[in-house]
Amino acid sequence: MPGAPYHPAALALQGVIGLSNEIERELARLLGVNLTDYRALSSLASSGEVPVGRLAAALGATPAATTAIVDRLEVKGLAQRRRAEEDRRQVRVAVTPAAIGRIIELMVPLMRRVDDHVVGLSEAEQRVVAEFVVVLRDALGDHLADLVAQEKSDQAGPGQKGTHDE
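Since the model is a prediction, treat every value here as computed from it, not as a measurement.

*Asks:* Describe the side chain of Thr66, listing the residues and the values that go with them.
*Replies:* Along the polypeptide, Thr66 turns up in helix α4 (residues 63–75). From its side chain, Thr66 meets the backbone oxygen of Thr62 in a polar contact 2.9 Å long. The residues touching Thr66, leaving out its near neighbours within four places in the chain, are Val52, Leu55, Ala56 and Ala61.

Below, the structure written as structure tokens:
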């Protein structure tokens, strides 16, 4: 975006997103999975144990595709299924402790590097950095929600409820 009237911090966001995507791809490679399977693993690591249907919804995938993803993760020892105690028909899926350990092992160097920098700042600077990261996280979440809503609106078609034509 050459010449755009944005603060350099806002422009640097594009670089952060790009590097985040590359890190995600490398984490998938190091875990021996494809990017789709890694995203499922990441979702499970964040959410904890969930019904397979909820994982499918989080991924925007069909139940059949999600079953195949879970099958692949299970074969690699990265995820495990279990029947829900309250309803034995419901299948739940979770990340294995070994997978969590490996993800942590791969992410610790980045977390340490950021932590080392931030703790070297004054308390006032640490607060500003922490506040900025929260603002950034919230802005990314809001933008994601806007993009999802736009996609749903676009799928509704012209003149239909929930579109931009209202």
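*Asks:* A description of the packing of helix α2 (residues 35–47) against α4 should follow, citing residues and the corresponding values.
*Replies:* A packed helix pair is summarised by two numbers, namely the angle formed by the two axes and the spacing between the axes. It is at 10 Å that the axes of α2 and α4 come closest, and there the two elements cross at 85°. Relative to α4, α2 is oriented roughly perpendicular. Taking contact as the criterion, the partners of Thr36, Asp37, Ala40 and Leu41 in α2 are, on α4, Ile69, Arg72 and Leu73. Looking at side-chain class alone, the contact of α2 with α4 contains 4 nonpolar, 1 polar and 2 charged residues.

*Asks:* Go over the packing of helix α1 (residues 8–31) against α2, please, and point to the residues and values.
*Replies:* Contact geometry for α1 and α2: axes closest at 9 Å, N-to-C directions at 95°. The orientation of α1 with respect to α2, classified from their angle, is roughly perpendicular. For the pair α1 and α2, the contacting residues are Glu24, Arg25, Leu27, Ala28 and Leu31 in the first and Leu35, Tyr38, Arg39 and Leu41 in the second. In the contact of α1 with α2, the residues fall into 6 nonpolar, no polar and 3 charged.

*Asks:* An account of the sheet that holds strand β1 (residues 50–51) is needed here, citing residue identities and associated values.
*Replies:* With respect to topology, 3 strands assemble into an open sheet ordered β1-β3-β2, the strand pairing being antiparallel. Each of the sheet's edge strands pairs with one partner strand only, and the pair in question is β1 and β2 (79–83). Bridge count for β2 against strand β3 (residues 91–95) is 5 bridges, and the pairing is antiparallel. Across the sheet, residue Arg81 finds its bridge partner in β3, namely Val93. On top of the sheet, α4 reaches β2 and β3; it is set at about 115° to β2, its chief contact.

*Asks:* Outline the pattern of salt bridges, supporting the account with residue identities and numerical values.
*Replies:* Counting across every chain of the model gives 9 salt bridges. Close ionic contact of Glu26 with Arg29 constitutes a salt bridge, the shortest N to O distance being 2.7 Å. Taken together, the residues span about one helical turn, with Glu26 and Arg29 both in helix α1 at a distance of 3 residues. Owing to a relative accessible area of 52%, Arg29 belongs among the exposed residues under this scheme. In this structure, a network of salt bridges that share partners links the residues Glu49, Arg82 and Arg92.

*Asks:* An account of the nonpolar core is requested, with residue identities and associated values reported.
*Replies:* Grouped together as the largest cluster of nonpolar side chains are 21 residues, with contacts concentrated most on Leu31, Val33, Leu41, Leu55, Leu73 and Val93. Where this core is concerned, the elements lending two or more residues are α1, α2, α3 (52–59), α4, β3 and α5 (97–119). Here this core gets 4 residues from one element, more than from any other, and that element is α2. Once residues within four sequence positions are removed from consideration, Leu31 is found in contact with Tyr38, Leu41, Lys76, Leu78, Arg102, Ile103 and Leu106.

Reading guide: rules and limits
- Sequence positions are assigned chain by chain, starting from 1 and proceeding in written order.
- Where local features are concerned, this predicted model is filtered to residues with pLDDT of at least 70; where side-chain atom pairs are given and counted, the filter is 80 or more; whole-chain, interface and lining totals use all residues.
- Water and hydrogen atoms play no part in the side-chain values, which are based on all heavy atoms of the structure.
- Helix and strand definitions follow DSSP, with helices as H or I runs of at least four residues and strands as E runs of at least two, each counted in order from the N terminus.
- Pairs of N or O atoms are called polar contacts if they sit within 3.5 Å, as long as, within protein, a hydrogen donor faces a hydrogen acceptor (for residues adjacent in sequence, only side-chain-to-side-chain pairs).
- In what follows, a contact means two residues having at least one pair of non-hydrogen atoms within 4.5 Å.
- Only the stretch in contact is used when fitting a helix axis, every axis being a line fitted to C-alpha atoms; angles between N-to-C directions are given from 0 to 180 degrees.
- By the definition adopted for this analysis, an angle is roughly parallel if under 35 degrees, roughly antiparallel if over 145, roughly perpendicular if from 65 to 115, and oblique otherwise.
- Three categories are distinguished: nonpolar for Ala, Val, Leu, Ile, Met, Phe, Trp, Tyr, Cys and Pro, charged for Asp, Glu, Lys and Arg, and polar for the others, with Gly belonging to the last.
- Here, a strand pair is defined by DSSP locating no fewer than two bridges between the strands.
- For salt bridges, the criterion is a side-chain nitrogen of Lys or Arg within 4 Å of an Asp or Glu carboxyl oxygen.
- For each residue, the accessible area found with a 1.4 Å probe, counting protein chains only, is set against the maximum for its type, and the residue is called buried under 20%, exposed over 50%, and partly exposed in between.
- Buried Ala, Val, Leu, Ile, Met, Phe, Trp, Tyr and Cys residues form a nonpolar core when they are joined through side-chain atoms within 4.5 Å.

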